[in-house]
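# Structural characterization, general
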Amino acid sequence: MGELKYPVRDYSGPPDWDDLGVDYAGSGLLFFGLSVDELIRRARGQVAFLAVPYAELTTGRALVAQEAAEWRAQLLPDLVTVSPAVDVETLLETGRASVSPANNTARWRRMTRMYLKPADAVVIPPVCGCEISREVHQIAESALTANRPVYVIGVRV
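Summarised in this report is the structure supplied together with it. Being a predicted model, the structure only gives us computed values, none of them experimental.

## A closer look at the pairing of strand β4 (residues 121–124)
- Judged by which residues are buried, β4 turns out to be covered on both faces: Ala-121 and Val-123 on one side and Val-122 and Ile-124 on the other are all buried.
- Pairing between strand β2 (residues 47–50) and β4: three bridges, direction parallel. Within the sheet, the bridge partner assigned to Phe-49 lies in β4 and is Val-122.
- Judged from the three bridges that link them, β4 and strand β5 (residues 150–153) form a sheet pairing that is parallel. Bridged to Ile-124 within β5 is Val-152.

Have a look at this one:
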């Protein structure tokens, strides 16, 4: 596996998933539209980063984290997922943290890299906003750059 880093490209508009698909066509690393069964068949036993839009949201973070937590539960025991969104929301809900690290871009990126580092793959569930999320797109591109597979569940983003 390669070193994890954020992509060099800086998109001014919404993420270009088609462009990413062209860049990694034939690499065997980028999978769109997988069913849960197909995801489990391909990634069973792996540690996966569960990528959802979180830091870039100004409202609705708790709802997105809840959806991610539901996906985490659904994928266990076949896949171990890590998600800073789920963990941060849990800390906020239990009073263990009073301010989300997602409010600080540099801090959130450090945290994201920390979660991505031990991950074998990235899983993008069909959570509202994933298709337009720069955050999710950057996580996917970071994984692909490091030769780690990216699995997009459900509809093509």
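## Things to note about the packing of helix α5 (residues 105–116) against helix α6 (residues 134–145)
- For the pair α5 and α6, interaxial distance at closest approach is 12 Å and the crossing angle is 45°. One element, α5, and the other, α6, form an angle in the oblique class. With respect to the hand of their crossing, α5 and α6 are arranged in right-handed fashion. Along its contact with α5, which presents Trp-108, Arg-109, Thr-112 and Leu-116, the element α6 presents Glu-135, Gln-138, Ile-139 and Ser-142.
- Split by residue class, the contact of α5 with α6 holds three nonpolar, three polar and two charged.

## A short note on the pairing of β5
- Residues Val-150 and Val-152 point to one face of β5 and Tyr-151 and Ile-153 to the other, with burial holding for every one of them.
- Traced from β4 through α6 to β5, the parallel crossover comes out right-handed.

## What about the sheet that holds strand β1 (residues 30–34)?
- Judged by pairing direction, the sheet is parallel, and its five strands sit side by side in the order β1-β5-β4-β2-β3 without closing on themselves. In the strand order of this sheet, the two ends are held by β1 and β3 (80–82), each with one partner. Between one strand axis and the next, the sheet turns through 30° on average, direction left out of account.

## Comments concerning α5
- Taking 1.5 Å as the rise per residue, α5 with 12 residues should run 16 Å; its terminal C-alpha atoms sit 16 Å apart, in good agreement.
- A side-chain oxygen of the first residue of α5 lies 3.1 Å from the backbone nitrogen of Ala-106; this N-cap is Asn-104.

## Observations regarding the pattern of salt bridges
- Tallying each qualifying case throughout the model produces four salt bridges.
- Where Asp-78 meets Arg-44, a salt bridge forms, and the shortest distance between an N and an O atom there is 2.5 Å. Residue Asp-78 is found in the loop between α3 (61–75) and β3, and its partner Arg-44 is found in the loop between α2 (36–43) and β2; the two are separated by 34 residues along the sequence.
- With a relative accessible area of 54%, Arg-44 lands in the exposed category.

Calculation criteria
Residues numbered from 1 in each chain as written. Predicted model: local features only at pLDDT ≥ 70, side-chain atom pairs only at ≥ 80, totals over all residues. Heavy atoms only, no water. Buried < 20%, exposed > 50% of the residue type's maximum accessible area, 1.4 Å probe, protein only. Helix = DSSP H or I, 4+ residues; strand = E, 2+ residues; numbered from the N terminus. Pairing = 2+ DSSP bridges. Axes fitted to C-alpha atoms, helices over the stretch in contact; angles between N-to-C directions. Parallel < 35°, antiparallel > 145°, perpendicular 65-115°, else oblique. Left-handed = near helix turned anticlockwise from the far one by under 90°. Contact = heavy atoms within 4.5 Å. Nonpolar A, V, L, I, M, F, W, Y, C, P; charged D, E, K, R; others polar. Right-handed = clockwise from strand over helix to strand, strands pointing away. Expected span 1.5 Å × (residues − 1). Polar contact = N/O pair within 3.5 Å; in protein donor to acceptor, adjacent residues only side chain to side chain. Salt bridge = Lys/Arg side-chain N within 4 Å of Asp/Glu carboxyl O.

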